[in-house]
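# Overview (structure and organization)
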Amino acid sequence: METITFHSYRGGVGKTLLSVNTAVKLATLDKKVCLVDFDLRAPSLQSYLPSDSLIEESGKKTLTEFLVGDIEPENVIISTDIPNFDCVFSGIEILQQPKVRSKLTQHGEGRILAKLFEFIRYCNSQIYEFLIIDCMPGITFRSLDALVVSDKIMIVTRPVKSEIKGLNLLISECYSKLEGVEFFAIMNQIEHQEDIAFEPNPEDVKVAEENVQIIWENLSNNPKAIPIRPIYSFRRIPFVTERIYVLKEKEHSFSQDIEKFCNNLLESCGLMK
Ligand SMILES: Nc1ncnc2c1ncn2[C@@H]1O[C@H](COP(=O)(O)OP(=O)(O)OP(=O)(O)O)[C@@H](O)[C@H]1O
Ligand SMILES: [Mg+2]
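A brief report on the enclosed structure follows. Quick caveat: nothing in here was measured; it's all calculated off a predicted structure.

## A short note on the environment of Glu74
Mapping Glu74 onto the fold places it in the loop between helix H3 (63-68) and strand E3 (78-79). Setting aside residues no more than four positions away along its own chain, Glu74 makes contact with Lys60 and Tyr122.

Here it is in structure tokens:
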């Protein structure tokens, strides 16, 4: 099983949209996939999948309840009606309990990391080929936990110069300390002239293209010289919604971008389509 975490320095760069669509696409390519909402502070998988009915009908619990309580890993994995695709939600109401919030934000002597390892071990013993983790952004105890258990990390960024400082901080403070992990960079929300209805200012087009180049070079020549593999690009979707494009709009350019990305990913895992 490959454990793949989508991470970023900043919030709102597209980790959830990309991880949900990637996970479902891999499932449609006949891979057994489990997607985990690990944005414990601000869960968002419920915007893409009907969490209330899935939880109620399955009688399952949330990942948060597993991490802070003593239930078994199998009690949080929910089968969906998408073939090959299971998922794990994070709890929202439970965050109102101050004790839970503090357990989630503190170091906790590695107890949450131990629970996460227990969960991964369980998934490994099952039929899954991919465990996809939609992580919270930035450097927190919990995002570090997710990075530590990963085989591959997808560094998600947007093509704006203000990302560079944050990315370099992530690389030197966090990624460079992880051993045996593969890093991939994803540049998301690239503007495409043909996708917009008005004629853009040529100066803005030039700056946008330069930014893509600058971030690309910065990731390739990063401060700690960690090997970061191919930079994947996803264009900005006009009128984006929180949806599983690869199911609902298979012909959409974003769905096609996801398909190419998944094929590359399968190749890098030695698993062809
Ligand atoms: N390629 C894209 N084109 C257009 N909009 C996008 C694209 N990728 C993401 N978005 C939009 O940007 C917003 C943030 O995306 P998303 O929630 O996936 O980011 P995130 O990194 O998971 O954020 P957070 O760190 O807060 O969890 C959403 O409204 C999403 O639909
Ligand atoms: Mg998110």
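Still more ground to cover, so stick around.
## Section: unusual backbone geometry
Phi angles above zero are rare outside glycine, and Asn84 is one such case at about 70°. Along the chain, the position of Asn84 falls in the loop between E3 and strand E4 (85-88). With a relative accessible area of 22%, Asn84 lands in the partly exposed category. A positive phi angle, near 50°, is found at Glu109, a position not held by glycine. One can find Glu109 in the loop between helix H4 (98-105) and helix H5 (111-125). Looking at Glu109, the relative accessible area reads 67%, which means it is exposed.

## Quick notes on the sheet that holds strand E8 (residues 228-235)
Strands sit in the order E3-E4-E2-E5-E1-E6-E7-E8 across an open sheet of 8 strands; the sheet is mixed. This sheet does not close on itself; its edge strands, each paired only once, are E3 and E8. Judged from the 2 bridges that link them, E3 and E4 form a sheet pairing that is antiparallel. Bridge pairing in E4 places Ser79 opposite Asp86. Lying on the sheet, helix H1 (residues 15-28) is in contact with strand E1 (2-7), strand E2 (33-38), E4, strand E5 (130-135), strand E6 (152-157), strand E7 (182-190) and E8; it crosses E5 at an angle near 170°.

## Focus: the pairing of E5
Within E5, 6 of the 6 residues are buried, leaving the element largely enclosed by the surrounding structure. Side chains Phe130, Ile132 and Asp134 of E5 all project onto a buried face; the interleaved residues Leu131, Ile133 and Cys135 project onto the opposite face, where all are buried too. Here E1 runs beside E5; their pairing, made up of 5 bridges, is parallel. Across the sheet, residue Phe6 finds its bridge partner in E5, namely Asp134. Two strands pair when backbone bridges link them, and E2 and E5 are joined in this way by 6 bridges, in the parallel orientation. By the bridge assignment for E5, Leu35 is matched with Ile132.

## Some words on the site of ligand 1
For ligand 1, the set of nearby residues contains 15 residues, the closest of which are Gly12, Lys15, Thr16, Asn188 and Ile237. Here an oxygen atom of ligand 1 sits 2.9 Å away from a polar atom, N or O, in the main chain of Leu17. Listing elements by their share of the shell around ligand 1, those giving two or more residues are H1 and E7. A total of 3 residues in the shell around ligand 1 trace back to one element, the largest contributor, which is H1. Residues that form the shell around ligand 1 fall into these classes: 5 nonpolar, 6 polar and 4 charged.

## Brief notes about helix H10 (residues 253-268)
Counted at 1.5 Å a residue, the expected span for H10 with its 16 residues is 22 Å, and the 23 Å between its end C-alpha atoms agrees. Residues of H10 that are buried include every one of Phe254, Ser255, Asp257, Ile258, Phe261, Cys262, Leu265 and Leu266, and no others. At the C-terminal side of H10, Gly270 shows a positive phi close to 70°.

## Regarding the packing of H1 against H10
Packed helices, taken two at a time, are described by the angle their axes make and the gap between the axes. At a minimum axis distance of 10 Å, the contact between H1 and H10 shows a crossing angle of 65°. The angle between H1 and H10 falls in the class roughly perpendicular. Crossing of H1 against H10: the hand is right-handed. On the side of H1, the interface is formed by Leu17, Leu18, Asn21, Thr22, Lys25 and Leu26, while H10 contributes Phe254, Ile258, Glu259, Phe261, Cys262, Leu265 and Leu266.

## Points about the pairing of E2
Of all the 6 residues making up E2, 6 are buried; the element is thus mostly covered by neighbouring parts of the structure. Along E2, one buried face is formed by Val33, Leu35 and Asp37 and the opposite face, lined by Cys34, Val36 and Phe38, is buried too. Strand direction decides the pairing type here: E2 and E4, joined by 4 bridges, are parallel. Following the sheet pairing, Cys34 is matched in E4 by Asp86.

Reading the values: the criteria
Residues numbered from 1 in each chain as written. Chains lettered and ligands numbered in written order. Predicted model: local features only at pLDDT ≥ 70, side-chain atom pairs only at ≥ 80, totals over all residues. Heavy atoms only, no water. Helix = DSSP H or I, 4+ residues; strand = E, 2+ residues; numbered from the N terminus. Contact = heavy atoms within 4.5 Å. Buried < 20%, exposed > 50% of the residue type's maximum accessible area, 1.4 Å probe, protein only. Pairing = 2+ DSSP bridges. Axes fitted to C-alpha atoms, helices over the stretch in contact; angles between N-to-C directions. Near = heavy atom within 4 Å. Polar contact = N/O pair within 3.5 Å; in protein donor to acceptor, adjacent residues only side chain to side chain. Nonpolar A, V, L, I, M, F, W, Y, C, P; charged D, E, K, R; others polar. Expected span 1.5 Å × (residues − 1). Parallel < 35°, antiparallel > 145°, perpendicular 65-115°, else oblique. Left-handed = near helix turned anticlockwise from the far one by under 90°.

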